[in-house]
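Structure assessment
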Amino acid sequence: EGSFVINPKGDLDLVYQLPANDSIHNFTYPIAQYDHSGGGLAISGGFDYQGDIQQLKGLFLFGDIPLGNFFFIKTSEIKQGKQAEIKEWGITLDGKPTTLKDLCGSNRVDLHFGKGAKGELYILTKADGKIYKLVSATLDGANDN
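Along each chain, the written sequence defines residue order, and numbers are assigned to residues from 1. Note on the predicted model: pLDDT of at least 70 is required for a residue's local features to be given, and 80 or more for side-chain atom pairs to be given and counted; whole-chain, interface and lining totals, by contrast, use all residues. Side-chain numbers come from the whole structure's heavy atoms, not from hydrogens or water.

1. Details of the overall build of the protein
Which entries qualify depends on this criterion: Secondary structure is summarised from DSSP: a helix means a run of H or I of at least four residues, a strand means a run of E of at least two, and numbering begins at the N terminus for each. Each residue's exposure class comes from its accessible area (1.4 Å probe, protein chains only) as a fraction of the maximum for that residue type: buried when under 20%, exposed when over 50%, partly exposed otherwise. Residues are treated as being in contact if the distance between any of their heavy atoms lies within 4.5 Å. Accessible surface area values rest on a Shrake-Rupley calculation with a 1.4 Å probe, where residue burial reflects the displayed protein chains alone.
The number of helices and strands found in the protein is one helix and nine strands. In terms of principal-axis extent, the alpha carbons of the protein reach across some 55 × 35 × 25 Å. Relative to its 145 residues, the protein shows a buried fraction of 30%. Taking the intrachain contacts of the protein between residues at least 6 apart in sequence as the baseline, contacts between residues at least 24 apart amount to 45%. Of the roughly 9300 Å² that the protein leaves accessible, carbon and sulfur atoms contribute 51%.

So, in structure tokens, the structure goes:
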């Protein structure tokens, strides 16, 4: 579980720090971790945004599959041996803030991402079978270095 230790024979919701001698295993750990302590469930793999929306350039976008929450890390913060900060982002539809749970009318969104031929982001909510295209973004401080 990344740089956390779990007890597969115990409570899987509990995570522990790595043992002091962990370096003997020569593991390569992830550059970002999304754990369950904040209510998260499962990550939908994302991608380094390559489309035309300037505010998203330099961001790796991903989400929580069942919850439909969105997250990003700055690709400039990806450094082996360090954890990049995970930030959350929201969506609006027709100028009004909303959530994927509200849009698809289900508590289990079943979020998936797609990438168009020109690098644009598509969002699938499997609960209702809809596909959304991200057309603009406002991310306060997302690309500040």
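From this point on, the discussion continues.
2. A word on the side chain of Asp110
Our working definition: A residue counts as positive if it is Lys or Arg and as negative if it is Asp or Glu; His and the chain ends are not included. Basic side-chain nitrogens of Lys or Arg form a salt bridge, by our definition, when they fall within 4 Å of a carboxyl oxygen of Asp or Glu.
Topologically, Asp110 is positioned in the loop between α1 (100-104) and β7 (111-115). No salt bridge is formed by the buried Asp110. Its closest oppositely charged neighbour is Lys126, at 4.1 Å. Once you skip the residues sitting within four places of it in the chain, Asp110 turns out to touch Ile65, Pro66, Leu124, Thr125, Lys126 and Ala127.

3. Thoughts on the layout of surface pockets
Remark: the empty space left among the atoms is shown by a probe the size of a water molecule rolled over them. Selection rule: Grid points spaced at 1 Å over the protein atoms alone were grouped into cavities, where a 1.4 Å probe fits but cannot get out, and pockets, open sets with protein on both sides within 12 Å along at least five of seven lines, with lining residues defined by an atom within 4 Å of a point. Grid points are joined across faces, edges and corners, and a volume is the space filled by probe spheres set on the points. Each residue gets one of three labels, nonpolar for Ala, Val, Leu, Ile, Met, Phe, Trp, Tyr, Cys and Pro, charged for Asp, Glu, Lys and Arg, and polar for the others, Gly among them.
Quantified by volume, the largest pocket comes out at close to 370 Å³. Lining the largest pocket we find 17 residues, and of these Ile91, Thr92, Leu134, Val135 and Ser136 sit closest to its centre. Secondary structure elements with two or more residues in the lining of the largest pocket: β5 (91-93), α1 and β9 (130-133). If you tally residues by element for the lining of the largest pocket, the top one is β5, at three residues. Taken together, the residues that form the lining of the largest pocket break down as 12 nonpolar, four polar and one charged.

4. Considering the packing of aromatic side chains
Describing an aromatic ring pair means giving the distance of the ring centres and the angle of the ring planes. Convention followed: When two rings of Phe, Tyr or Trp (its six-membered ring) have centres within 6.5 Å they constitute a pair, described as stacked for plane angles under 30 degrees, edge-to-face for angles over 60, and tilted for the intermediate range.
Tallied over the full model, the rule gives five aromatic pairs. Centre to centre, the rings of Phe60 and Phe62 are 6.0 Å apart; their planes meet at 40°, and the pair counts as tilted. Judged by relative accessible area, which is 26%, Phe60 ranks as partly exposed. The structure contains a cluster of three or more aromatic residues connected by ring pairs, namely Phe60, Phe62 and Phe71.

5. Concerning the sheet that holds β7
For clarity, the threshold we go by: Whether two strands pair comes down to DSSP finding at least two bridges between them. Note on definitions: angles span 0 to 180 degrees between N-to-C directions of axes, and those axes are lines fitted to C-alpha atoms, for helices only across the stretch in contact.
On the basis of which strands lie adjacent, the open sheet formed by three strands has the order β7-β8-β9 and antiparallel pairing. Across the chains shown, the open sheet's two edge strands, defined by having one partner strand only, are β7 and β9. Shown here is a sheet whose adjacent strand axes are inclined to one another by a mean of 25°, direction ignored.

6. Digging into the nonpolar core
Convention followed: Residues belong to one nonpolar core when they are buried, are Ala, Val, Leu, Ile, Met, Phe, Trp, Tyr or Cys, and are joined through side-chain atoms within 4.5 Å.
Membership of the largest hydrophobic core comes to 20 residues, with the highest contact counts inside it found for Leu56, Leu61, Phe70, Trp89, Leu121 and Ile123. Elements with a contribution of two residues or more to this core: β2 (59-64), β3 (70-74), α1, β7 and β8 (121-125). Judged by nonpolar contacts, the second largest core, of five residues, contains Ile31, Phe62, Ile73 and Ala84.

7. Notes on the sheet that holds β2
The strand order β1-β2-β3-β4 describes an open sheet built from four strands, whose pairing is antiparallel. Each of the sheet's edge strands pairs with one partner strand only, and the pair in question is β1 (43-48) and β4 (87-89). Here the strands of the sheet are splayed against their neighbours by 30° on average, with no regard to which way each runs. As paired strands, β1 and β2 are joined by four bridges and run antiparallel to one another. Note that in β2 the partner of Ile43 across the bridge is Asp64.

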